[in-house]
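Per-entry structural report
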Amino acid sequence: MRTPLIAGNWKMNGSLAANATLLASILGDAAAVSAELAVCVPAPYLGQVQSVLGGSPVRWGAQDVSAHERGAFTGEISAQMLLDFGCSYVIVGHSERRSYHGESDELVAQKAQRVLANGLTPIVCVGETLEQREQGATDAVVSRQLAPVLDTMGTQLASMVIAYEPVWAIGTGKTATPEMAQQVHARIRAMLAERDAESAQQVRVLYGGSMKPDNAKDLLAMPDIDGGLIGGASLNASDFLAIAQAA
Ligand code: PGA
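In short, a report on the structure. Quick caveat: nothing in here was measured; it's all calculated off a predicted structure.

A look at the environment of Ile 123
Residue placement: Ile 123 occurs in strand β5 (residues 121-126). Residues Ile 123 and Leu 206 lie 83 residues apart in sequence; the distance between their C-alpha atoms is 8.8 Å. Dropping the residues within four chain positions of it, Ile 123 is found in contact with Ala 7, Cys 40, Tyr 89, Val 90, Ile 91, Val 92, Val 161, Ala 163, Leu 206 and Leu 229.

Structure (structure tokens):
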């Protein structure tokens, strides 16, 4: 019912030459994958990605966006600009943005709203730190992060994607067990259902945090895990595709 989405988050990696090689390899095998594939790339490469992936089944997106529509916001990139470059997705509220750039839950909600208002799909990231998990605060943290986003969604709830990314699992090689992840994913879907039961069944909830070819199958077999947001492994075409094939 929910088509799995495997989205790469390249973070601040890549070059014109390296991207060309990576994209060609992804395109070469994309037809063999039934999951939806997307790559979220650094903004300067959106033009390159648009020209290489345009017309293919692989979609693309950005890793952040301004909360503002336009104007005097030096250095910022608007959702309208991302749309100009054919983006489908925009990651908002990644934990690296929250922790290194001080993004609040409210700002993340504003960004998600801006993305939706421009006809793009936000991939809203939530997740707890190790300390929060050890304090038993995972549900409370995820609920707090998601609440302002859901408050602004209204009838557009079904148009969003959520990524549960436990901070302690990102780039560390430590993955949540499928059971641990499923528990949080189910909690997230229950939160969505409190707002709109029908939309809650349509929203894809991705897992992110050291998802690799060897753990993807078990994670993706969980009933509420609808795909992955893949960091490190998305920079290697064969790993990225192997994860997609597990979906
Ligand atoms: P990782 O990153 O797969 O390298 O852990 C995931 C992410 O940060 O989105």
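Let's pick the thread back up.
Quick look at the nonpolar core
With 66 residues, the main nonpolar core has Ile 6, Leu 37, Val 39, Met 160, Ile 162, Ile 188 and Tyr 207 as its most contacted residues. Setting aside residues no more than four positions away along its own chain, Ile 188 makes contact with Val 126, Val 142, Leu 146, Ile 162, Tyr 164 and Val 205. Within the second largest apolar cluster, 12 residues are counted, among which are Ala 7, Cys 40, Val 161 and Leu 206.

What to know about unusual backbone geometry
At Lys 11, a residue that is not glycine, the phi angle is positive and equals roughly 55 degrees. Tracing the chain through its elements places Lys 11 in the loop between β1 (5-9) and α1 (16-30). The residue Ser 210 is not glycine, and still its phi comes out positive at about 55 degrees. Note that Ser 210 resides in the loop between β7 (204-208) and α10 (213-220).

Things to note about helix α7 (residues 138-153)
Here α7 is 16 residues long and its end C-alpha atoms lie 23 Å apart, about the 22 Å a rise of 1.5 Å per residue gives. Of all the bends in α7, the greatest, near 35 degrees, is centred on Ala 147, and the proline Pro 148 appears no more than four residues after it. Within α7 the residues assigned to the buried category are Thr 138, Val 141, Val 142, Ser 143, Gln 145, Leu 146, Pro 148, Val 149, Leu 150 and Met 153. Where α7 is buried, its residues meet α4 (95-100), α5 (105-117), β5, α6 (130-134), β6 (161-164) and α8 (178-195). Remark: Gly 154 follows α7 within two positions and exhibits a positive phi of approximately 55 degrees.

Examining the site of the ligand
Residues in contact with the ligand amount to 13 residues; listed here are only the nearest, Lys 11, His 94, Glu 165, Gly 171 and Ser 210. Glu 165 has a polar side-chain atom sitting 2.7 Å from an oxygen atom of the ligand. By residue class, the composition of the shell around the ligand is 4 nonpolar, 7 polar and 2 charged.

Topic: the pairing of β1
Among the 5 residues of β1, 5 are classified as buried, and the element is accordingly described as predominantly covered. Pairing of β1 with strand β2 (residues 36-40) involves 5 bridges; the strand directions are parallel. Of the residues in β2, the one forming a bridge with Ala 7 is Ala 38. Handedness of the crossover is the feature at issue here: the chain leaves β1, passes through α1, returns alongside β2, and the resulting connection is right-handed.

A closer look at the side chain of Ser 234
Residue position: Ser 234 is located in the loop between β8 (227-230) and α11 (237-246). With a relative accessible area of 0%, Ser 234 lands in the buried category. A polar contact is formed between the side chain of Ser 234 and the backbone oxygen of Gly 231, at a distance of 2.7 Å. With residues up to four places along the chain from it excluded, the contact list for Ser 234 reads Gly 8, Asn 9, Trp 10, Leu 22 and Phe 240.

Here we look at the sheet that holds β8
Read around the barrel, 8 strands follow the order β1-β2-β3-β4-β5-β6-β7-β8 and close on themselves; strand pairing throughout is parallel. Direction aside, neighbouring strands of the sheet carry axes that sit 25 degrees apart on average. Taken together, the 2 bridges between β7 and β8 define a ladder with parallel strand orientation. The residue bridging Gly 208 from the neighbouring strand is Leu 229, located in β8. Set on the sheet, helix α2 (residues 46-53) makes contact with β2 and β3 (59-62); between it and β3 the angle comes to about 170 degrees.

Cut-offs and rules
- Residues numbered from 1 in each chain as written.
- Predicted model: local features only at pLDDT ≥ 70, side-chain atom pairs only at ≥ 80, totals over all residues.
- Heavy atoms only, no water.
- Helix = DSSP H or I, 4+ residues; strand = E, 2+ residues; numbered from the N terminus.
- Contact = heavy atoms within 4.5 Å.
- Core = buried A, V, L, I, M, F, W, Y, C linked by side-chain atoms within 4.5 Å.
- Buried < 20%, exposed > 50% of the residue type's maximum accessible area, 1.4 Å probe, protein only.
- Expected span 1.5 Å × (residues − 1).
- Bend = angle between axes of the 7 residues up to and from the residue.
- Near = heavy atom within 4 Å.
- Polar contact = N/O pair within 3.5 Å; in protein donor to acceptor, adjacent residues only side chain to side chain.
- Nonpolar A, V, L, I, M, F, W, Y, C, P; charged D, E, K, R; others polar.
- Pairing = 2+ DSSP bridges.
- Right-handed = clockwise from strand over helix to strand, strands pointing away.
- Axes fitted to C-alpha atoms, helices over the stretch in contact; angles between N-to-C directions.

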